[in-house]
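# Structure assessment
The lines below spell out each chain.
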Amino acid sequence: MPQTLFTNVHVFDGVNEARIENASVLVEGNLIKEVSTASIDAPDATVIDGGGRTLMPGLIDGHTHFLFAVNGGVGGAEQTHWQYFGAMGTYAAKEHLHNGFTTVREAGGGVVGPGLKQAIDEGYVEGPRIYPSAAWIGQTSGHQDFVTYGQFDQTENNLYRLGFSINADGADEVTAAVRKNLSLGASQIKIMVSGGVSSVKDPLHSSQMTEAEIRAAVDAAAAWDTYVLTHVYNDSDIKRALEYGVKSIEHGQFLTDETAKLAIEKGAFIVSNLAGSTEGILQHPAYSVEGSPTLLKTKQFLAGASNFKTVVNDNPDLKMVFQTDLVFTRGYDLRRGIDFEKWVLTDYLGNLRALRAMTSTAGELMALSGKQNPYPGKLGVIEEGAYADILLVDGNPLEDITVIGASSDWLGAPDREEIPTMRIIMKDGVIYKNTLN
């Protein structure tokens, strides 16, 4: 198998605060074969002198929606052709990889196993490893219900027909929806148990899906040795989701200290996008139209999320995972959104915990998919036997998070400056970017 030998690097292994100084890392095939502070004998390897830079794991985004890199919001999505969804998903996948993300978890919305993920795995499309959730599942009038007022049922809805969303009422319908997603290659299941900000039909305070429905999803997923993640804000809904067996809390910004401790006890993960928790959200055109229902929801959200930073810092054992959740966004705006999310997470958690949320802790979450795991090797760490998903960056991200800022240059876009700090991007032992030479 081909070998690549990185020499003269300082290794952040994804876990420890202290870097491994003056190290060498040998990659063989798609795995890391050796990490050593002594010289490594590999006469047939391609040698890359890291020049004292930091070698670290590829980044992991715990909550993406690649096919939603389209314009016009939910209304625009209703008018979007399936070919355009597919084309823009291909774009978003390549964009993420060239910004250092070697793995993502698609948190629902159409990216299934026999689709974009398959094309990437077969090597025809550049992109990260994808853990697909297939269609969102929730109740009628839930956060995933995109049926317009002019449509009589979900079969008339574009997003339902294309496999983005399923309205399921009652435990039997939920079980059937989970099984359908699993048959399409889902590695985990996404449900909705409280209201959302950008959705139309559900108030932010609404509590969604019954105990029987949530348990049905958890049981059907467990039968395939995997788990359930859920969109949720309200603390009471976070608590019941945890009690009913949900393992991954998406967003969760209304979390209280008591429920945070329950999440730790249950071994659950908090996968939270934090850019929306800043006051800057009120400057965003989609959330700031005076008199609109969305502005009212946004203000309610900011009030409910006001204590989140305190809660997550008072509970350092809480398993936090990075996510972007960027929809209806592309190009320079997508890169800015990703970078801002990195910055806000670091502002919340500090450099080390934020970096773990983007690497090793996120890798633990991916492994929860058990026998449904499409990539059963170790992710998010630099250690022997782990997948060779590697970044080489100028500077030290443990001191300056901006060195893992957006680096995408594959579009040659004139509307942004190249940030040169991310020098090498390797996924699965293959180098997709190298600006050292």
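Residues numbered from 1 in each chain as written. Predicted model: local features only at pLDDT ≥ 70, side-chain atom pairs only at ≥ 80, totals over all residues. Heavy atoms only, no water.

## Points about the overall build of the chain
- For the chain, the helix and strand inventory stands at 13 helices and 17 strands.
- Here the chain has a C-alpha radius of gyration of 21 Å; the compact-globule value for 437 residues is 22 Å, and the two agree.
- If one aligns the C-alpha atoms of the chain with their principal axes, the spans along those axes are about 65 × 45 × 45 Å.
- The buried share of the chain, reckoned over its 437 residues, is 59%.
- Taking the contacts inside the chain whose residues are at least 6 apart along the sequence as the reference set, 71% of them involve residues at least 24 apart.
- A total accessible area of about 17,100 Å² is found for the chain, and carbon and sulfur atoms account for 51% of it.
- Positive and negative side-chain charges of the chain, numbering 34 and 54 respectively, have mean locations separated by a distance of 1 Å. (Helix = DSSP H or I, 4+ residues; strand = E, 2+ residues; numbered from the N terminus. Rg over C-alpha atoms; globule rule 2.2 N^0.38 Å. Buried < 20%, exposed > 50% of the residue type's maximum accessible area, 1.4 Å probe, protein only. Contact = heavy atoms within 4.5 Å. Areas by Shrake-Rupley, 256 points an atom, 1.4 Å probe, with all protein chains shown as cover. Lys, Arg positive; Asp, Glu negative; His and termini not counted. Charge placed at Lys NZ, Arg CZ, Asp CG, Glu CD.)

## Looking at the pattern of salt bridges
- Applying the stated criterion across every chain, the model contains 20 salt bridges.
- Where Arg335 meets Glu95, a salt bridge forms, and the shortest distance between an N and an O atom there is 3.0 Å. Of the two residues, Arg335 is situated in helix 11 (residues 331-349) and Glu95 in helix 2 (residues 82-97); the sequence distance between them amounts to 240 residues.
- Exposure remark for Arg335: the relative accessible area of 2% places this residue in the buried category.
- Among the salt bridges present, the one from Asp394 reaches Arg423, with a minimum N-O distance of 3.1 Å. Of the two residues, Asp394 sits in the loop between strand 15 (390-393) and strand 16 (422-427) while Arg423 sits in strand 16, which places them 29 residues apart along the sequence.
- Each of Arg53, Asp394 and Arg423 takes part in salt bridges that share partners, so that together they form one network. (Salt bridge = Lys/Arg side-chain N within 4 Å of Asp/Glu carboxyl O.)

## Comments concerning the sheet that holds strand 17 (residues 430-434)
- With mixed pairing, the seven strands of this open sheet are ordered in space as 3-2-1-4-15-16-17. The two strands at the open ends of the sheet, each matched to only one other strand, are strand 3 (31-36) and strand 17. For this sheet, the mean inter-axis angle between neighbouring strands, taken without regard to orientation, is 35°. (Pairing = 2+ DSSP bridges. Axes fitted to C-alpha atoms, helices over the stretch in contact; angles between N-to-C directions.)

## Re unusual backbone geometry
- Not every positive phi belongs to a glycine, and Asn8 is a case in point at roughly 55°.
- Residue position: Asn8 is located in strand 1 (residues 3-11).
- Since its relative accessible area comes to 34%, Asn8 is described here as partly exposed.
- Of note, the phi angle at Phe328 is positive, near 55°, even though the residue is not glycine.
- As for its position among the elements, Phe328 is in the loop between strand 14 (319-321) and helix 11.
- Taking the relative accessible area as the measure of exposure, Phe328 reaches 24% and is therefore partly exposed.

## So, the sheet that holds strand 5 (residues 59-64)
- Here we have three strands laid out as an open sheet, ordered 5-6-7, and parallel in their pairing. The sheet is open, and its two edges are formed by strand 5 and strand 7 (129-131), each paired on a single side. Direction aside, neighbouring strands of the sheet carry axes that sit 20° apart on average.
- Sheet topology places strand 6 (residues 101-106) next to strand 7; three bridges connect them, and they run parallel. Looking across to strand 7, one finds that Arg105 is bridged to Tyr131.

## Overview of the pairing of strand 11 (residues 228-232)
- Taking burial as the measure, the five residues of strand 11 include five buried ones, the bulk of the element.
- Every second residue of strand 11 is oriented toward a common face, with Val228, Thr230 and Val232 on one face and Leu229 and His231 on the other, all of them buried.
- Relative to strand 11, strand 10 (residues 189-192) is paired through four bridges, and the arrangement is parallel. Following the sheet pairing, Ile191 is matched in strand 11 by Thr230.
- Following the backbone out of strand 10, through helix 6 (residues 211-222) and into the adjacent parallel strand 11, one traces a crossover that is right-handed.
- With four bridges connecting them, strand 11 and strand 12 (residues 248-251) associate as parallel partners. Paired with Leu229 across the strands is Ser248, a residue of strand 12. (Right-handed = clockwise from strand over helix to strand, strands pointing away.)

## So, the packing of aromatic side chains
- In the structure shown here, the tally under the stated rule is 14 aromatic pairs.
- Aromatic side chains Tyr131 and Tyr375 sit 5.5 Å apart centroid to centroid with 65° between the ring planes, which places their arrangement in the edge-to-face category. Taken together, the residues span a long stretch of sequence, with Tyr131 in strand 7 and Tyr375 in the loop between helix 13 (360-367) and strand 15 at a distance of 244 residues. As far as burial versus exposure is concerned, Tyr131 and Tyr375 are alike and both buried.
- Geometrically, the ring pair formed by Phe308 and Tyr348 is tilted, given 6.4 Å between the ring centres and 50° between the ring planes. Placement of the pair is Phe308 in helix 10 (residues 308-314) and Tyr348 in helix 11, with a sequence separation of 40 residues.
- Look at Phe308 and you get buried, because its relative accessible area is 1%.
- An aromatic cluster of at least three residues, connected via ring pairs, comprises Phe68, Phe85, Trp136, Phe146, Phe164 and Phe328.
- Positioned above the aromatic ring of Tyr375, the side-chain terminus of Arg129 is 5.3 Å from the ring centre. (Phe/Tyr/Trp six-rings, centres within 6.5 Å; stacked < 30°, edge-to-face > 60°. Lys NZ or Arg CZ within 6 Å of the ring centre and 35° of its normal.)

## Focus on helix 11
- With 19 residues, helix 11 should reach 27 Å at 1.5 Å per residue; the first-to-last C-alpha distance of 28 Å fits that figure.
- What helix 11 keeps buried is the set Gly331, Leu334, Arg335, Gly337, Ile338, Glu341, Lys342, Val344, Leu345, Thr346, Tyr348 and Leu349.
- Contacts made by the buried residues of helix 11 are with strand 5, helix 2, strand 6, helix 10, strand 14 and helix 12 (351-358).
- Directly after helix 11, the chain includes Gly350, whose backbone phi takes a positive value near 85°. (Expected span 1.5 Å × (residues − 1).)

## Some thoughts on the nonpolar core
- Among the nonpolar cores identified, the biggest contains 88 residues, and Phe66, Leu116, Ile189, Ile191 and Ile404 are the most heavily contacted of them.
- Counting 18 residues, the second-largest nonpolar core is a separate cluster that includes Ile32, Ala386, Ala388 and Met426. (Core = buried A, V, L, I, M, F, W, Y, C linked by side-chain atoms within 4.5 Å.)

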